[in-house]
Amino acid sequence: MAFIVQAASTQWIAILITCVLSLVFVATYRLLFHPLAALPGPKLAAISPWWQIRKIIVAKPYELALHDRYGPVVRTAPNEVVCNSKEAFDAIYKSSTPLDKGPWYEGTRLSSGVLDLFIRRHHIDGCHLLAETDMARYQLIRRSGGPAFTASNLKRYEPKVVEAMQRVCERLNRLNGEEVETSEWMHITILECLTSISWSGSPDNILEQGHDWGDLELNVAFWRRTTVLGHLPTLRVLLDLFPMLKKYAFGILGLPTNHSRDGIGLPAHIAPSLIGQLVHRCTSIENPSFENGQDLMEQLLAIHAKRPDFGVGYARGMAGSSVAAGHDTTGASLVSILCRICTNPDLQKRVEQECRGERMPLAFEDRPSTVTSACVREAMRLQHVTNISLSRVAPRNGLHLHGHFFPEGTVLGVNPTSFARNRDLFGPDAGEFKPERWLSGDENHLRTLERYNLLFGGQSRSCPGQNLARLIIGLVVPRLFRNFDIQVKVPEGGFDNYPPQFWTMLSGSKIKFIPRQDSK
Ligand code: HEM
C-alpha cells in the first residue's frame with residue numbers, strides 16, 4: 001500500500017516538475033528568443049497575455065502611459081505590439097494590400113456559429129462587418145450597400161432628424177430643467193433619429209417614458225466582457241460549448257454579468273420591438289425605389305432588386321446594423337460632446353451664440369469652420385469611442401517598422417484614443433481640450449491631422465456609418481444648444497477615467513436641459 005502511495009505521489013511530483021519546467025521554458029523563449037524579444041515593453045507582457053487582459057478587467061487606461069515610457073512601439077503581449085506614430089499608422093492602415101484584422105475581432109461576432117466535431121467554428125452567412133473575414137462577402141456587402149451610406153444620399157434624411165429632434169425637444173421641455181442622466185437622454189435621442197432613418201420606426205415609447213433602462217451605461221460592462229473574451233479564444237469556445245459555465249467564468253475573471261444587449265447588438269430591453277419594426281418594414285415594401293426611398297431599408301431593398309447577389313439578408317442586416325452599430329457609438333459621442341462643451345463656460349457661450357444665430361452652424365466638419373464644429377471635433381478626438389488597439393496581422397512577408405522586423409502573424413495596431421493624443425501630431429498640449437487647434441488656419445498642419453486620424457477607423461476597414469453619424473451629430477448638437485440652456489456635471493476625474501475597451505464612454509455624468517423662452 002505504502003509503495004502505491006509513494007509511486008502515485010512520485011508521479012504527481014514528476015507532472016508538477018514537467019509543468020513548471022514547461023512554463024519556465026515558454027517564458028524564457030518569449031523573453032529571450034522570440035522574434036519580438038528585442039522590443040521594449042513590460043517583461044510580464046512579453047511572457048503572458050494576462051498582463052494586457054488584467055488591465056482591461058481593472059478598467060484603467062494604460063496605453064498612453066506605456067508609449068510615454070517605452071516609445072512608439074510597445075510589446076503588450078507575447079505576439080502583439082501596440083504602436084503610436086505616423087509611421088505605424090501608414091504601415092498598418094494605409095498598406096497597399098490591406099492587412100487582415102487581428103484574431104481579437106472573432107470575439108465580437110454576434111453569433112458564435114456552429115462548432116463541428118473537431119471544434120472548428122462555422123459561421124452562418126450574414127451581415128456582420130466588424131468581424132468578417134470572408135473578404136469576398138465583405139466587399140460585396142460594402143460595395144453594393146455603399147451608395148445608401150454616402151453623404152450625398154444621406155442628406156435626404158435631414159428632415160427625419162429635424163422631425164425626431166422636434167419630438168425630443170418637446171419631451172426635454174417637459175423635464176423642466178430636472179437633472180437627468182446624460183447617457184440615458186442622448187441614447188434616447190439617437191435611437192429616435194436612427195430608427196426613423198433606418199426603417200421609418202420609433203423605439204417603442206422610450207422617449208415618452210424617458211427611460212433607456214440604463215442601457216448605454218450597461219453597454220460599458222458588455223464591452224468589457226467582450227474585449228476580454230476576444231483575447232481568450234479558447235475560453236470563448238468553451239463557453240459556447242457549455243454556456244452554463246459563463247457565470248462562474250465571469251465571476252472568477254471579475255467580469256460583469258449584467259446585460260445590455262440582445263444577441264444582435266440592439267439594446268436588450270427594446271430589441272424585440274425594434275426587430276419587429278425592421279422585419280415588418282422589410283416585408284411591407286413592394287416596389288422599392290432607391291431614388292425616392294423613404295428610409296435606408298427601402299433603398300437597400302432597391303439595391304437588392306437590381307443586384308440579387310446582394311441578398312435580402314444583407315439588405316436587412318445593413319439597415320439593422322445602422323441602429324445596432326450606431327446607437328452606442330453615436331450616443332457616446334454626443335455624451336462626450338455635451339460634457340466637454342458644457343464644462344468650458346467661455347466656449348459654451350460661443351457655441352450658444354452660434355447656435356442661436358440666424359443660421360444654425362455646421363456642427364460636424366472634417367475641417368471645422370465654426371466654434372461649434374471645432375468643439376465637436378475636439379471632443380471626439382479626446383474621447384474616441386474605441387479605446388483599444390485596432391489590431392491587424394502582419395502579412396506573408398512580414399512588416400518592417402521603426403527599425404524592427406515583424407514576422408507574418410504578428411498582431412499590430414494603434415489605439416485611436418492614444419494616437420489622438422500623440423504629441424508629435426497635436427503638440428505638447430495634446431491632452432487638453434482646445435478646439436481652437438482646429439481653427440488655426442495652418443493648412444499643412446490641418447491636412448496632417450485629417451490624414452492621421454482613426455476616429456472612424458483605418459482606411460481599408462473604415463466605419464460604413466460615418467456619414468450617418470456626421471449627419472445626426474451635425475443636426476442634434478446645434479438644435480440642443482438653440483433650444484436649451486444646458487448644464488452638465490461630470491464626476492471627478494471622469495474625462496480621464498476612460499476604460500481600455502473596444503467601445504467605451506464617459507460614465508456617470510448628469511445634465512439639465514433648461515428650456516429657453518425665445519428658442520425657435
Ligand atoms: C460617432 C459615431 C461612430 C464612431 C466614432 C464609429 C467608429 C468606428 C470605428 C473606429 C470603426 C473601426 C473599428 C475597427 O477597425 O476595428 C468602426 C467600424 C464600424 N462601424 Fe462605426 N462608428 C460610428 C458610428 C457608426 C454607425 C452610425 C454605424 C452604422 C452603420 C457604424 C457601423 C460600423 C460598422 C459596421 C463597422 C465595421 C466596419 C469594418 O470592420 O469594416 N458605425 N466604427
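Remember, predicted model here, so these are calculated numbers, not experimental data.

Definitions and cut-offs
- Residues numbered from 1 in each chain as written.
- Predicted model: local features only at pLDDT ≥ 70, side-chain atom pairs only at ≥ 80, totals over all residues.
- Near = placed C-beta within 6 Å.
- Helix = DSSP H or I, 4+ residues; strand = E, 2+ residues; numbered from the N terminus.
- Nonpolar A, V, L, I, M, F, W, Y, C, P; charged D, E, K, R; others polar.
- Pairing = 2+ DSSP bridges.
- Axes fitted to C-alpha atoms, helices over the stretch in contact; angles between N-to-C directions.
- Parallel < 35°, antiparallel > 145°, perpendicular 65-115°, else oblique.
- Contact = placed C-beta atoms within 7 Å.
- UniProt positions renumbered as here; feature names shortened; annotations may be inferred.
- Core = buried A, V, L, I, M, F, W, Y, C linked by C-beta atoms within 7 Å.
- Buried ≥ 20, exposed ≤ 12 C-beta atoms within 10 Å, placed from the backbone.
- Expected span 1.5 Å × (residues − 1).

## Observations concerning the site of the ligand
Item 1. Close to the ligand lie 23 residues; Ala325, Gly326, Gly457, Cys463 and Gly465 are nearest.
Item 2. Secondary-structure elements contributing two or more residues to the shell around the ligand are helix H16 (312-324), helix H17 (327-342) and helix H23 (466-483).
Item 3. Per-element accounting of the shell around the ligand gives the leading share, three residues, to H17.
Item 4. Taken together, the residues of the shell around the ligand break down into 12 nonpolar, 10 polar and one charged.

## Focus on the sheet that holds strand S10 (residues 484-489)
Either a parallel or an antiparallel arrangement is found when strands of a sheet pair, and the pairing is made through backbone hydrogen bonds.
Item 1. The antiparallel open sheet is built from three strands, whose spatial order is S5-S11-S10. Edge strands, defined here as strands with exactly one partner in the open sheet, are strand S5 (179-181) and S10. Adjacent strand axes in the sheet meet at a mean angle of 30° when their direction is disregarded.
Item 2. Pairing of S5 with strand S11 (residues 510-515), which is carried by three bridges, proceeds in the antiparallel orientation. Directly across from Glu179, in S11, lies its bridge partner Lys512.

## Regarding the packing of helix H18 (residues 345-355) against H23
Item 1. The interhelical angle for the contact between H18 and H23, taken along N-to-C directions, is 95°, at an axis separation of 8 Å. Classified by the interaxial angle, the pair formed by H18 and H23 is roughly perpendicular. On the side of H18, the interface is formed by Val351, Glu352 and Cys355, while H23 contributes Pro478, Phe481 and Arg482.
Item 2. In terms of residue class, the contact of H18 with H23 is built from four nonpolar, no polar and two charged.

## Observations concerning the UniProt feature "transmembrane region" (unreviewed entry) in the protein
Item 1. Following the UniProt record, the feature "transmembrane region" (unreviewed entry) maps to residues 12-32 here.
Item 2. Summarising residues 12-32: 100% helix, 0% strand, and an end-to-end C-alpha distance of 30 Å.

## Some details on the nonpolar core
Item 1. By size, the foremost hydrophobic cluster in this structure holds 111 residues, and its most contacted members are Leu300, Val376, Ile472, Ile473 and Val476.
Item 2. In terms of residue count, H23 provides more of this core than any other element does, 10 residues in total.

## A closer look at the environment of Arg437
Item 1. Relative to the elements of secondary structure, Arg437 occurs in the loop between helix H21 (423-426) and helix H22 (443-451).
Item 2. For the pair Arg437 and Cys127, spaced 310 residues apart in sequence, the C-alpha to C-alpha distance is 39 Å.

## Describing helix H8 (residues 158-173)
Item 1. Compared with the 22 Å implied by 1.5 Å per residue over 16 residues, the 22 Å span of H8 between its first and last C-alpha is a close match.
Item 2. Where the residues of H8 are buried, they touch helix H9 (182-199), helix H10 (206-209), H23, S10 and S11.

## A look at the environment of Gly326
Item 1. Inspection of the secondary structure puts Gly326 in the loop between H16 and H17.
Item 2. Given 22 C-beta atoms within 10 Å, Gly326 falls into the buried group.
Item 3. Placed 135 residues apart in sequence, Gly326 and Leu191 show a C-alpha to C-alpha distance of 8.7 Å.
Item 4. Discounting chain neighbours no more than four positions away, the residues touching Gly326 are Leu194, Gly465, Leu468 and Ala469.

## Structural notes on the sheet that holds strand S9 (residues 411-414)
Item 1. Read across the sheet, four strands follow the order S1-S2-S9-S6 without closing on themselves; strand pairing throughout is mixed. The sheet is open, and its two borders are formed by strand S1 (73-77) and strand S6 (392-393), each paired with just one other strand.
Item 2. Bridge count between S1 and strand S2 (residues 80-83): four bridges; the pairing is antiparallel. Bridge pairing links Val74 to Val82 in S2.

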